[in-house]
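Coordinate analysis (summary)
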Amino acid sequence: MADQKVSTSCLNGKKQQSDFTWEVRANDRAYHMQFKKRVSFCLTKRKYADNAIKTGKYNALTFLPLNLYEQFHRMANLYFLFVILLQTFPEISTLPWFTLLLPLGCLLIIRGLRDLIDDIARHKSDWIINCRPCEILSGKSFSWKKWRDICVGDIVCLRKDSFVPADLLLLSSSEPSSLCYVETADIDGETNLKFRQALLVTHEELMSVESMAAFDGKVTCEEPNSRMHSFIGMLEWKGEKYSLDSEKILLRGCRIRNTEICYGLVIYAGFDSKIMRNCGKIRLKKTKLDRMMDKLVILVFLVLMIASFFLAVACGIWAEKFRRDHSYLSTFYAKTSPIKQAFFTFWGFMILLSIIIPMSMYITLEFIYLVNSFFIDWDVEMYYPAKDTPAKARSTSLNDQLGQIEYIFSDKTGTLTQNIMTFKKCCINGIIYGPGTGRKRRLLDESLSWNPYADKNLEFYNPLLLEAVRRDDDPAVREFLRLLAICHTVMVEEKDSQLVYQAASPDEEALVMAARNLGYVFLSRTQDTITISELGVKRTYKVLAMLDFNSVRKRMSILVRDPNGKIRLYTKGADMVILTRLHENGANEKITEKALDSFAEETLRTLCLASKEVNERDYTEWSKKHHKASIMLENRAEELDKVYEEIEKDLKLLGATAIEDKLQDGVPETIQLLKKGNIKVWVLTGDKQETAMNIGFACRLLSDDMLILEEEEISEMLSAYWVSNNNLSSSGEPLCSDSFVQKPLDTFRRGNTALIITGDFLDKILCIGEVVKKKKENFWKRMLCCKAEVQQEQESLLEKAFMNLATSCQAVICCRVTPKQKSLIVQLVKKHKSAITLAIGDGANDVNMIKTADIGVGISGQEGMQAVQCSDYALAQFRFLQRLLLVHGRWSYLRICKFLRYFFYKTFSGLMSQIWFAFYNGFTAQPLYEGWFLALYNVFYTAYPVLSMGLLEQDVSAKKSLQFPELYRMGQRDEFFNYRVFCLTLLHGTATSLGSFYIALWAFEDKVGSKVVGDYESFAVTVATSALLSVIIEIILDIKFWTVLSFLTVAGSLLLFCVFSYLTQNFQAFKEAPSIFRFPDASKNALTDPYVLLIILLCVVANTIPSLTFRLVRVIMGKSTIHQIRMKDMRLERDMVELRAHFQRGSMQRRSSYAFSHKEGYADLITRGASLRGRDSLGLSTTPVPVFRSSSSPRLEAHKTRVEFLA
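Worth saying up front: this structure is predicted, and the values here are computed from it rather than measured.

This paragraph deals with the overall build of the protein chain. A tally of helices and strands in the protein chain yields 46 helices and 36 strands. Residues classed as buried in the protein chain amount to 56% of the 1207 residues present. Across the protein chain, contacts joining residues at least 24 apart in sequence account for 76% of those joining residues at least 6 apart.

Here, the residues flagged by UniProt with the feature "binding site: Mg(2+)" (unreviewed entry) are Asp411, Thr413, Asp842 and Asp846. Annotated residues spanning 436 residues; largest pairwise C-alpha distance 10.8 Å, indicating a single compact cluster. As for its position among the elements, Asp411 is in the loop between strand 17 (407–410) and strand 18 (417–428). According to the relative accessible area criterion, Asp411 is buried, its value standing at 1%. Residues within four places of Asp411 in sequence aside, it is in contact with Leu416, Leu684, Thr685, Lys822, Ile840, Gly841, Asp842, Asn845, Asp846 and Met849. Mapped onto the elements of the fold, Asp846 is located in the loop between strand 33 (837–841) and helix 29 (847–852). For Asp846, the residues in contact, after removing those within four places along its chain, are Asp411, Lys822 and Gly841.

Nonpolar side chains collect at one region of the surface, where Ile306, Phe309, Phe310, Val313 and Ile317 lie side by side and expose about 510 Å² of accessible area between them. Turning to its location among the elements, Phe309 is positioned in helix 10 (residues 288–325). Phe309 sits in the partly exposed class, given a relative accessible area of 46%.

The next point concerns the pairing of strand 22 (residues 520–525). Strand 22 sits mainly inside the fold: six of its six residues count as buried. The pairing of strand 22 with strand 23 (residues 529–534) spans five bridges and is antiparallel. Bridge assignment links Val521 to a residue of strand 23, and that residue is Ser533. Taking the residues that link successive antiparallel strands as the turn, the strand 22-strand 23 hairpin has three residues.

UniProt feature "coiled-coil region" (unreviewed entry): in the numbering of this structure it lies at residues 630–657. Between the end C-alpha atoms of residues 630–657 there is a gap of 31 Å, over a span that is 46% helix and 21% strand.

It is worth spelling out the sheet that holds strand 34 (residues 855–859) at this point. With respect to topology, nine strands assemble into an open sheet ordered 16-35-34-33-17-29-32-31-30, the strand pairing being mixed. Whereas interior strands pair on both sides, the edge strands pair on one side only; in this sheet they are strand 16 (392–393) and strand 30 (707–709). In this sheet, strand 31 (residues 753–758) lies alongside strand 30 in parallel orientation, the contact comprising three bridges. Residue pairing in the sheet places Ile708 in a bridge with Ala754 of strand 31.

Here the focus is the packing of aromatic side chains. Applying the stated criterion to the full structure yields 48 aromatic pairs. Judged by centre distance (5.7 Å) and plane angle (10 degrees), the rings of Trp932 and Phe1077 are stacked. Here the residue Trp932 occupies a position in helix 33 (residues 931–941), and Phe1077 occupies one in the loop between helix 40 (1067–1072) and helix 41 (1082–1086), the gap between them amounting to 145 residues. For the pair Phe1004 and Phe1019, a centre-to-centre distance of 5.8 Å together with 75 degrees between the ring planes defines the contact as edge-to-face. Linking Phe1004 in helix 37 (residues 979–1006) with Phe1019 in helix 38 (residues 1016–1038), this pair joins segments that are 15 residues apart in sequence. We classify Phe1019 as buried; its relative accessible area is 8%. Connected via pairs of aromatic rings, a cluster forms that spans Tyr79, Phe80, Phe82, Phe301, Phe343, Phe344, Phe346, Trp347 and Tyr362. Over the ring of Trp147 we find Arg132; its NZ or CZ atom is 4.9 Å from the centre of that ring. The ring of Phe163 carries the charged tip of Arg132 above its face, separated from the ring centre by 5.0 Å.

A few words now on helix 12 (residues 359–378). Taking 1.5 Å per residue as the helical rise, helix 12 with its 20 residues ought to reach 28 Å, and the 29 Å between its terminal C-alpha atoms agrees with that figure. Counting buried positions along helix 12 gives 14 out of 20 residues, so the element sits mostly inside the fold.

The next thing to look at is the pattern of salt bridges. A side chain of one charge can pair with a side chain of the opposite charge when the charged atoms of the two come close. Counted by the stated rule, this structure contains 53 salt bridges. Arg257 serves as the salt-bridge partner of Asp161, at 2.8 Å between the closest nitrogen and oxygen. Taken together, the residues Asp161 in the loop between strand 6 (155–159) and strand 7 (167–173) and Arg257 in strand 14 (residues 255–257) connect sequence positions 96 residues apart. With a shortest N-O distance of 2.5 Å, Arg883 and Asp379 are connected by a salt bridge. In this pair, Arg883 is assigned in helix 31 (residues 880–911) and Asp379 in the loop between helix 12 and strand 16, connecting sequence segments 504 residues apart. Of the two residues, Arg883 and Asp379, both sit in the buried class. Salt bridges sharing common partners tie together Lys898, Arg901, Glu953, Glu1034, Asp1038, Lys1040 and Arg1111.

For the rest of this paragraph, the subject is the nonpolar core. Residues Tyr362 and Phe977 are the most contacted members of the largest nonpolar core, which totals 102 residues. Sort the elements by how many residues they give to this core and helix 31 lands first, with twelve residues. Core analysis: the second largest hydrophobic core is formed by 55 residues, Ile136, Val201, Leu235 and Ile267 among them.

Reading across from one edge, 1-10-11-12 is the order of the four strands in this open sheet, with antiparallel pairing throughout. The outermost strands of the open sheet, each flanked by one partner alone, are strand 1 (22–25) and strand 12 (240–244). Along the sheet, successive strands turn relative to each other by an average axial angle of 20 degrees, direction set aside.

Turning our attention to unusual backbone geometry. One non-glycine residue, Asp161, adopts positive backbone phi at about 70 degrees. With relative accessibility at 23%, the residue Asp161 sits in the partly exposed group. Backbone geometry places Asp388, a non-glycine residue, at a positive phi of 55 degrees. Along the chain, the position of Asp388 falls in the loop between helix 12 and strand 16. A relative accessible area of 54% places Asp388 in the exposed class.

Rules behind the numbers
Residues numbered from 1 in each chain as written. Predicted model: local features only at pLDDT ≥ 70, side-chain atom pairs only at ≥ 80, totals over all residues. Heavy atoms only, no water. Helix = DSSP H or I, 4+ residues; strand = E, 2+ residues; numbered from the N terminus. Buried < 20%, exposed > 50% of the residue type's maximum accessible area, 1.4 Å probe, protein only. Contact = heavy atoms within 4.5 Å. UniProt positions renumbered as here; feature names shortened; annotations may be inferred. Patch = residues over 30% accessible without salt bridge, like charges linked within 9 Å, V, L, I, M, F, W, Y side chains within 5 Å. Areas by Shrake-Rupley, 256 points an atom, 1.4 Å probe, with all protein chains shown as cover. Salt bridge = Lys/Arg side-chain N within 4 Å of Asp/Glu carboxyl O. Pairing = 2+ DSSP bridges. Phe/Tyr/Trp six-rings, centres within 6.5 Å; stacked < 30°, edge-to-face > 60°. Lys NZ or Arg CZ within 6 Å of the ring centre and 35° of its normal. Expected span 1.5 Å × (residues − 1). Core = buried A, V, L, I, M, F, W, Y, C linked by side-chain atoms within 4.5 Å. Axes fitted to C-alpha atoms, helices over the stretch in contact; angles between N-to-C directions.

Structure below.
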């Protein structure tokens, strides 16, 4: 009970706060201009924001300092800057400082230009939005201005199909009772229409421009917030006060539909609007490898300092010993001391060894990221010809992270589904009319020529059903179609001599259109009548009552008197609701139940249809009860539901309908592949729970053998966990720990579990944590710091327990969540699981989630381009996600990891010899190699084979990557590059450098060749050549995917080594600049001696044998990727992913969702006449109108609901 009180007070706490300080005065800009609010310290800004939005990160003044600040968050850049500063001191410098500044400057410029291009795109998008035209009341008339000119308190005129520029209070509209129909696809992803209605007083008083110019009402409401579905306020006007709620507010981003004109008062503008409050900030995204590289840079820097310190100490000791042994040279050391010499040697080694982390690696890495992004753009397998839309990598620095995704957060509408409702099947009087073969256009036109109202675009139909309809001898068929044409809340109007349906739900539109194509056409309605055409005969029914749909009743009914005077009740609703209200269960009922199960197997949205005849006496008695309940002031809704229950019984079943909420192509197969790749898919949607569950089954995210946890079960588990963790022992320690919730979770991991919650439930869970934290904060402030830390950890246990429960499930569906809640869910998973996340969506309601996730993917869908503009990658279809992750993502991760591994290996192999050489030159930081070799080693000699590997490497083909998605798990486990791999690479490079150095040293100590006299230059050339060849052979052994470019880069590296060695060691160059070209003819003399060549061969063989042995052992033990693939190929008799048309669902407890998606209240609007124009305004003629359109908007017309009867 205590927990319930806490949660209740928390949920209501926002309402109880005294934050109603937002005052808006109509037509009074001066009033709002005078208010300021403090931002920080002495800085202030206007309290009431203007309507201009700025989503860019930089401007002309802040770009340079802010971008540099962000870039120097990378530890590598700080490291390079530190080395450049050291080079400015002549005493310790080994190279001119500008030679290192140039590549660092190039790196900063490349990244800065990339960030600038991205930000320019954001500024361009902002400019387009801010410059949209709108009509603002200025003086005594409306004038056309831009969105950015709107201010709080302005009155705005909106026309049909225009977007709402700010959060407005609806004042009046051209519709009856000042109704306004809006589409909220950009907010909650739903394309079905919703209505808003102005106050009666503003509807009656503000009917002209003059009255609006004189309007001086004051709105007092809550401060700007992110609660999309909540608004509390009050209008004061002419001494009266009127309450305001969310039903009277038009939110920014909505689109006006089916309303010619409306007027609104601006309440919140710009970033104060609710949609902008949910958009979130632009976050600097860094990959997992980036963060690891930052740590490695720090680690290598510390190792470098330690090594330089010990070498400097050794230098000081050696200098002191040398002075004692060679006192006759004391004159040369008069101005120095061993300590001073050791000090300068320390910094000399720091500079000499600093190239262990080469700047060229980061520049090459940027190029690899860029080219791999081009590969995504150029992939024809991810090109969508229907919209001429290719895939687009909008970010070039996140490709490797595509190969490490663990959680995908997906929107539903427009991302998984096409948002197209199709009438697919029906069962009438025990007969199923289902799929079959289509007919040719000529036969189709002939078969529908009898119906002037038929949709000529109909491609599929059922001839048996058409024949039964035309015979008109089956009462069940007649009543079934009559119900579809009568029992709904669809509105109709004439536009351009065509009837246009206005449906609040795409499901209802599909049903009405299905009846129309079968000869039962909905023509018109008034407050108390509805007119339909039945096989060409016009009939008008008197509407006695409309029993509205709501989420509890799960059904809708209409009570009508037909032209013959009989009273009939028509009801449609969820199968489990209708079947329990039948008069008797007969043979047809059993067949219908089997049909419903069959429809459920195909995850179709089902409705049961029933009717009954009501006698006059029963209707009279019921009408009195209905009237009495409808005028009650308290508990009206509950009493009406009871009255509805009395008449909605003893029904006769007519049949069932099945509507398909069409998925995008390949969605089920894609989710199956992702699940096999150990990627968990969460669906976050603004839709209701039943719809989301139905889509979950349709896309194979849910299956019938799953244990589905809903809010009640979750509450019980978390409540028990909460109570146990708040029962403290006398020592102050919790009686149970996090393992309490871990025990049932282990059971879930072994099973097949799904979790389904709503946004309200999520708020409740997180809010409990906030309340407890606030209650105990002051108490723990009085405790010791260590105990305070323990308490803070305990306070987050509930949140952590919920995330443990959710992440242990195979699927999670979150319904009725706001954009901010979507972002919060992503944050929780990142916080508690440290997992790599991907968010995918197509609307503005997904922008916050896309920005929060590690990878954001935008779908070029029906809801605009907002998601694409804020995304890192843009796709045309959800199914392309499988190729983006399993192919490009895995390849990019593999390439980047191999590139890093071998870049470090070749650097350690070639440059660690500097340390071994220090033991033989008195620890003086003298370079072993020629300066040109050091400068060109990482740029020309070894860079190109590694670059080729980073661009084109593949361990398996794209086909195998999709056939065996289990390979993706290697990226999730960081198998290709981690601290262990780095340490092994360090050891491998160290071993190669030791082999190259000491084998050459052993050979040069005792013997000389015919030309070589054992000099320092020849020794350096021998060691350098041995290390270079060892590195190239190692890369050759590890390349799995050979191309022409691979051969060219290997051959080119050897060729460049020969060419540059000749150029830099040319004797003529030495004569011209002896201080720059210090190794005259060294390579020519050394590499033409057979003895030296044998030494190099011995070094290469010694360095390669351990690597070959290791590879052979892996192949023998079957640990190589190719070997595992081959073994699986031999075991598998068919593909890993079975692409079935449908999966089996035999359970009747979890049938597919009922086909209702509109909200409660439409029936009340119709019966009150609030949404109806006069009958004459429709302009209906007695002659049939042969052409129909399913929607009044161009976008909905392009994607209109199709009525498909499959023969």
